[in-house]
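Okay, here's what each chain looks like letter by letter:
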Amino acid sequence: GDGTVITVNAIGATLQTLYILVYLYYSPAKVRQGPGAMGRMEDPHPDIPLSHCPSQRPVLLQVLLLLAVVVTGYGYFTNLVDTGMRLTHLGLFCSVFTITMYLSPLADLAKVIRSKSTRCLSFPLTVTTLVASSSWTLYGLQLHDPYITVPNVPGIVTSLVRFWLFQRYRPEKEKPYSPLPA
């Protein structure tokens, strides 16, 4: 196998897992559960009804669904696919997930165009996505590996679309800050 791909993806999976765990630990739903549940924090927004706060349940269900897909995929590739076709099937499987990851921020396109605001888009994430997808595309081209090259091209395209949105719907200028008197 390619050590670079394995190393980068293992680190990425570890960081993403940590991010999800931190999110679940500090999410508003957990805070609202109070001292008798997972945490001992006070509700930072007692004036906001519980029905207006996001729940952890959808995130937890999505994580469990993703874990089920990974376990099912592992079982499929180790038990049902012959070794001659395993790499091809795995490459297609991973390509679909990578393309889905790069296309997911486009779900906010309608919201951005309707509101004429890019507040729901992250500029640093857009820059990082462009750099990462361009790097992987170039790496895949050097290796002549379509399973690396093809799924990363949508990352470049979606980043360019988001840059265009940032240009078209520039953030409103905020009030200038005045320095505090010394």
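On a predicted model such as this, the values are computed, not experimentally measured, just so you know.

### Some details on the overall build of the protein chain
On a plain count of helices and strands, the protein chain comes out with seven helices and zero strands. Listed N to C, the secondary structure of the protein chain is α-α-α-α-α-α-α in terms of helices and strands. For the protein chain, with 182 residues in total, the buried portion stands at 20%. Here the analysis covers contacts within the protein chain between residues at least 6 apart in sequence; of these, 61% occur between residues at least 24 apart. As presented, the protein chain carries roughly 13700 Å² of accessible surface, and 68% of it is formed by carbon and sulfur atoms.

### Let's talk about the UniProt feature "transmembrane region" (unreviewed entry) in the protein chain
Feature annotation in UniProt places "transmembrane region" (unreviewed entry) on residues 6–26, 59–77, 89–109, 121–141 and 147–165, given in this structure's numbering. Structurally, residues 89–109 is divided into 76% helix and 0% strand, and its ends, taken at the C-alpha atoms, are 32 Å apart. Within residues 147–165, the helical portion is 100% and the strand portion 0%, while the C-alpha atoms at the span's ends are 29 Å from each other.

### Brief notes about the side chain of Asn-152
You can see Asn-152 is positioned in helix α7 (residues 146–168). Since its relative accessible area comes to 6%, Asn-152 is described here as buried. Of the polar contacts made by the side chain of Asn-152, one reaches the side chain of Tyr-102; its length is 3.0 Å. Of the polar contacts made by the side chain of Asn-152, one reaches the backbone oxygen of Ile-148; its length is 2.6 Å.

### Remarks on the packing of helix α4 (residues 83–103) against α7
For any two helices packed against each other, the geometry comes down to the angle between their axes and how far apart the axes lie. For the pair α4 and α7, the least separation of the axes is 9 Å and the interaxial angle reads 5 degrees. By the angle between their directions, the pair α4 and α7 is classed as roughly parallel. Seen from α4, the contacting residues are Thr-88, Gly-91, Leu-92, Ser-95, Thr-98, Ile-99, Tyr-102 and Leu-103; seen from α7, they are Tyr-147, Pro-151, Asn-152, Pro-154, Gly-155 and Thr-158.

### Brief notes about the packing of aromatic side chains
Considering all chains together, one arrives at four aromatic pairs under this definition. Relative to Phe-166, the ring of Phe-123 has its centre 5.1 Å away and its plane inclined at 85 degrees; by these criteria the two rings are edge-to-face. Within this pair, whereas Phe-123 is found in helix α6 (residues 123–143), its partner Phe-166 is found in helix α7, the two being separated by 43 residues in sequence.

### Points about the confidence of the model for the protein chain
The predicted model of the protein chain averages 77 in pLDDT, with 76% of residues at 70 or higher. Here helix α2 (residues 28–33) is the element of the protein chain with the lowest mean pLDDT, 51, and α6 is the one with the highest, 92. Segment residues 30–45: pLDDT under 50, and 25 contacts once partners within four positions in sequence are set aside and those in other chains are kept.

### Quick word on unusual backbone geometry
Phi at Lys-116 takes a positive value of approximately 55 degrees, unusual for a residue other than glycine. Considering the arrangement of structural elements, one finds Lys-116 in the loop between α5 (109–115) and α6. Residue class for Lys-116 comes out exposed when judged on its relative accessible area of 55%. Despite not being glycine, His-144 has its phi angle at roughly 55 degrees, a positive value.

### As for the side chain of Thr-158
Position of Thr-158 among the secondary structure elements: in helix α7. Thr-158 gets classed as buried once you look at its relative accessible area, which sits at 2%. At 3.3 Å, the side chain of Thr-158 and the backbone oxygen of Gly-155 are in polar contact.

### Details of the nonpolar core
In this structure, Val-112, Leu-121, Leu-165, Phe-166 and Tyr-169 together form the largest nonpolar core, which totals five residues. Apart from the residues lying within four places of it in its own chain, the contact partners of Phe-166 are Thr-118, Leu-121, Ser-122, Phe-123, Thr-126 and Pro-171.

Basis of the calculations
Residues numbered from 1 in each chain as written. Predicted model: local features only at pLDDT ≥ 70, side-chain atom pairs only at ≥ 80, totals over all residues. Heavy atoms only, no water. Helix = DSSP H or I, 4+ residues; strand = E, 2+ residues; numbered from the N terminus. Buried < 20%, exposed > 50% of the residue type's maximum accessible area, 1.4 Å probe, protein only. Contact = heavy atoms within 4.5 Å. Areas by Shrake-Rupley, 256 points an atom, 1.4 Å probe, with all protein chains shown as cover. UniProt positions renumbered as here; feature names shortened; annotations may be inferred. Polar contact = N/O pair within 3.5 Å; in protein donor to acceptor, adjacent residues only side chain to side chain. Axes fitted to C-alpha atoms, helices over the stretch in contact; angles between N-to-C directions. Parallel < 35°, antiparallel > 145°, perpendicular 65-115°, else oblique. Phe/Tyr/Trp six-rings, centres within 6.5 Å; stacked < 30°, edge-to-face > 60°. pLDDT = per-residue confidence, 0-100. Core = buried A, V, L, I, M, F, W, Y, C linked by side-chain atoms within 4.5 Å.

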